[in-house]
Amino acid sequence: MFSPDFNPLLEVLKNHTDSSGNVSWNALISEVKTMASLFAGKAEMPHKGTAMEEMMKKMAESQGEEVAWQAAIGTDPIKDAFEVKKFAHASGDAQIVPPPFVPMASDLLVNTKRTTRSAAYINVPFCQTRCAFCMFYIGAYKPEESKRYTDALIKEIRMWQGSKALEDKPIHAVYMGGGTPTALEACDLERIITTCREVLPLSNDYEFTVEGRLSFFDDEKIEACLKAGANRFSLGVQTFDTEIRQSVGRLSTKDELIRGLENLSAYDESSVVIDLIFGLPGQTETTWREDLDIVSSLPIHGVDLYQLILLEGSPLQKLIKAGKYKYAPDNRERAEMYRIGCNAMEKAHWKQLSVSHFGRNTRERNLYNVLAKSDADTLAFGPGAGGKIQGLSFMNTRKYELYPVE
Ligand code: SF4
């Protein structure tokens, strides 16, 4: 969002740092809060001639290009309104905090109070294998990394203990995503969830989601998560069609998935939700309808219907360009698949909880995703995890080799 040679956080830090490097924290926090209020439209512009007004002017001048957001007029809005979606998430052009300022930026974060309904996100940076369509993949899982990562993560979570950011307001939802959290060993899954329950001020009705894949998620791991206090599992299925899913790097067969989901749901101690993707190479309306029928027939509680976003530079884009697949649905065909999905869920009496998410009954709340798409304060732990407090966004380094933070 800002030009590369202008970092507002550094400007503010400079304004409140004396020649010996001492920081006037109260003034600094107050100024950053004012900035956040200005961005949120909750405060008046600063008085003319002040340093703050100068800085706001510079920030306005350094804004990037405007993005076209208007919908196109057409007879079928689902198909005509927007161009192809090219990004998984909207994101700004954030800047890296230079190493000497990292302790100050960290202090600033942990000393900022949360003011909204809140969530926490934990990122697990490994997967057993890489799926062709994915750009969230960071690295391959090795069993010896489970303990190392967990020790570092717990240390990071405990660094926040006693901070202002953990005071007062409860945290309503924790999402352990990635990557593939279910790749971790059972004892480490248990240690992470237990630490969160000890350190974070979770609400009585908290939602704690563990994301993952059914392959390698055995009963020992499931029971470790449930015992420690997880109450929601989000599993990436993408499609039940064995041939299509294995052609994009998924491992399990349709029968293995169905058995795995029935087993997990039979514990009757958590919400079980799955992701489906429409638009994968080889998918047709027929295979898509079969996927939707299987969803309705399973004892699960929620489903996300995501369209395939062919991300620039993803393995799948390269494979399609190389002619590896005979056929992949285009943008308009994907739009039709979305319509078919919504109609099928409605017919099966599932409730639509967001654009992409559907719940079968009240066990499924989709709380983390609702909070993440609002202005909720979100704490973030683990390499590559991003959050925000009072409008101040932050992201941990994605470089796993730099983890743990000392
Ligand atoms: S398991 Fe999930 S995060 Fe890992 S590569 Fe596949 S889709 Fe991406």
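Quick caveat, the model's predicted, so the values are computed rather than measured.

S.K.: Would you mind showing me how to read the overall build of the protein chain here?
M.R.: Broken down by element type, the protein chain carries 14 helices and 11 strands. Out of the 406 residues belonging to the protein chain, those deemed buried represent 48%. Counting contacts in the protein chain only where the partners sit at least 6 residues apart, residues at least 24 apart contribute 74% of the total. When the accessible surface of the protein chain is totalled, it reaches about 20,700 Å², and 54% of it is carbon and sulfur.

S.K.: So what exactly am I meant to see when it comes to helix 13 (residues 331-347) here?
M.R.: One full turn of an α-helix is made of 3.6 residues, so residues set three or four places apart face in the same direction. Taking 1.5 Å per residue, 17 residues should reach 24 Å; helix 13 reaches 25 Å between its end C-alpha atoms and fits that length. Every buried residue of helix 13 is accounted for by R334, A335, M337, Y338, I340, G341, C342 and M345. Looking at the packing, one finds that the buried side of helix 13 touches helix 4 (77-80), strand 5 (271-278), helix 11 (285-297), strand 6 (302-307), strand 7 (351-352) and strand 8 (357-359). The opening residue of helix 13, the one whose side-chain oxygen lies 3.1 Å from the backbone nitrogen of R332, is D330. Where helix 13 terminates, the next one or two residues include H349, which has phi positive at roughly 65 degrees.

S.K.: Honestly, a negative patch on the surface in this entry has me stumped. Any pointers?
M.R.: Judged by side-chain charge, E185, D218, D219, E220, E223 and E269 come together as a negatively charged surface patch. Residue placement: E269 occurs in the loop between helix 10 (254-266) and strand 5.

S.K.: Just checking my understanding: could you explain the site of the ligand for this structure?
M.R.: Close to the ligand lie C127, T129, R130, C131, F133, C134, Y137, G179, T180, R213 and R250. Taken together, the residues of the shell around the ligand sort by class into 5 nonpolar, 3 polar and 3 charged.

S.K.: Before we go on, may I ask you to explain the pairing of strand 4 (residues 232-238) in this structure?
M.R.: Within a regular strand, the side chains alternate between the two sheet faces. Counting buried positions along strand 4 yields 7 of 7 residues, so the element is predominantly enclosed. Where burial is concerned, the two faces of strand 4 agree: the one with R232, S234, G236 and Q238 and the one with F233, L235 and V237 are both buried. In the sheet, strand 3 (residues 202-212) pairs with strand 4 via 4 bridges, with the strands oriented parallel. When the sheet's bridge partners are listed, V210 is paired in strand 4 with F233. Relative to strand 5, strand 4 runs parallel, the two being bridged by 6 bridges. Directly across from Q238, in strand 5, lies its bridge partner L276.

S.K.: I'm lost on the packing of helix 6 (residues 143-159) against helix 7 (residues 186-199) in this one. Help?
M.R.: A pair of packed helices is characterised by two quantities: the angle between their axes and the separation of those axes. Close contact between helix 6 and helix 7 brings their axes to 10 Å; oriented N to C, the two are set at 5 degrees. With respect to helix 7, the element helix 6 is oriented roughly parallel. The segment helix 6 lies against helix 7, with S146, K147, Y149, T150, D151, L153, I154, I157 and R158 engaging D188, R191, I192, T195, C196, E198 and V199.

S.K.: What should I look at first to understand the pattern of salt bridges in this one?
M.R.: Oppositely charged side chains can form a pair if their charged atoms are brought close together. Tallied over the full model, the rule gives 17 salt bridges. Between R232 and E207 there is a salt bridge whose closest N-O contact spans 3.8 Å. Here R232 is found in strand 4, whereas its partner E207 is found in strand 3, with 25 residues between them in sequence. An identical accessibility class is assigned to R232 and E207; each is buried.

S.K.: Is there a simple way to explain the side chain of T150 in this structure?
M.R.: Mapped onto the elements, T150 comes out in helix 6. Given a relative accessible area of 0%, T150 falls into the buried group. T150 has contacts with D188, R191 and I192, leaving out every residue within four places of it along the chain.

S.K.: So what exactly am I meant to see when it comes to helix 6 here?
M.R.: Across its 17 residues, helix 6 extends 26 Å between first and last C-alpha, which sits within 8% of the 24 Å expected from 1.5 Å per residue. E145, S146, Y149, T150, A152, L153, I154, E156 and I157 are the residues of helix 6 that are buried. Buried residues along helix 6 sit against strand 1 (118-124), helix 7 and strand 9 (377-381).

S.K.: Hey, could you run me through the side chain of S356 in this one?
M.R.: For S356, the location among the structural elements is in the loop between strand 7 and strand 8. Within the structure, S356 has its side chain in polar contact with the side chain of D304 (distance 3.1 Å). Residues in contact with S356, not counting those within four places in the same chain, are V303, D304, L305 and Y306.

S.K.: Any chance you could explain the packing of aromatic side chains here in plain terms?
M.R.: Geometrically, a pair of aromatic rings is defined through the distance of the ring centres and the angle of the planes. Per the stated rule, a full pass over the model turns up 12 aromatic pairs. Note on F126 and Y149: the rings are 5.5 Å apart at their centroids and 80 degrees apart in plane angle, and the pair reads as edge-to-face. One end of the pair, F126, is in the loop between strand 1 and helix 6; the other, Y149, is in helix 6, with 23 residues separating them in the sequence. The class for Y149 is buried, based on a relative accessible area of 0%. Both rings, one in W160 and one in F381, keep their centres 5.7 Å apart while their planes meet at 85 degrees; by these two values the pair is edge-to-face. Of the two residues, W160 is situated in the loop between helix 6 and strand 2 (171-178) and F381 in strand 9; the sequence distance between them amounts to 221 residues.

Thresholds, definitions, all that
Residues numbered from 1 in each chain as written. Predicted model: local features only at pLDDT ≥ 70, side-chain atom pairs only at ≥ 80, totals over all residues. Heavy atoms only, no water. Helix = DSSP H or I, 4+ residues; strand = E, 2+ residues; numbered from the N terminus. Buried < 20%, exposed > 50% of the residue type's maximum accessible area, 1.4 Å probe, protein only. Contact = heavy atoms within 4.5 Å. Areas by Shrake-Rupley, 256 points an atom, 1.4 Å probe, with all protein chains shown as cover. Expected span 1.5 Å × (residues − 1). Polar contact = N/O pair within 3.5 Å; in protein donor to acceptor, adjacent residues only side chain to side chain. Patch = residues over 30% accessible without salt bridge, like charges linked within 9 Å, V, L, I, M, F, W, Y side chains within 5 Å. Salt bridge = Lys/Arg side-chain N within 4 Å of Asp/Glu carboxyl O. Lys, Arg positive; Asp, Glu negative; His and termini not counted. Charge placed at Lys NZ, Arg CZ, Asp CG, Glu CD. Near = heavy atom within 4 Å. Nonpolar A, V, L, I, M, F, W, Y, C, P; charged D, E, K, R; others polar. Pairing = 2+ DSSP bridges. Axes fitted to C-alpha atoms, helices over the stretch in contact; angles between N-to-C directions. Parallel < 35°, antiparallel > 145°, perpendicular 65-115°, else oblique. Phe/Tyr/Trp six-rings, centres within 6.5 Å; stacked < 30°, edge-to-face > 60°.

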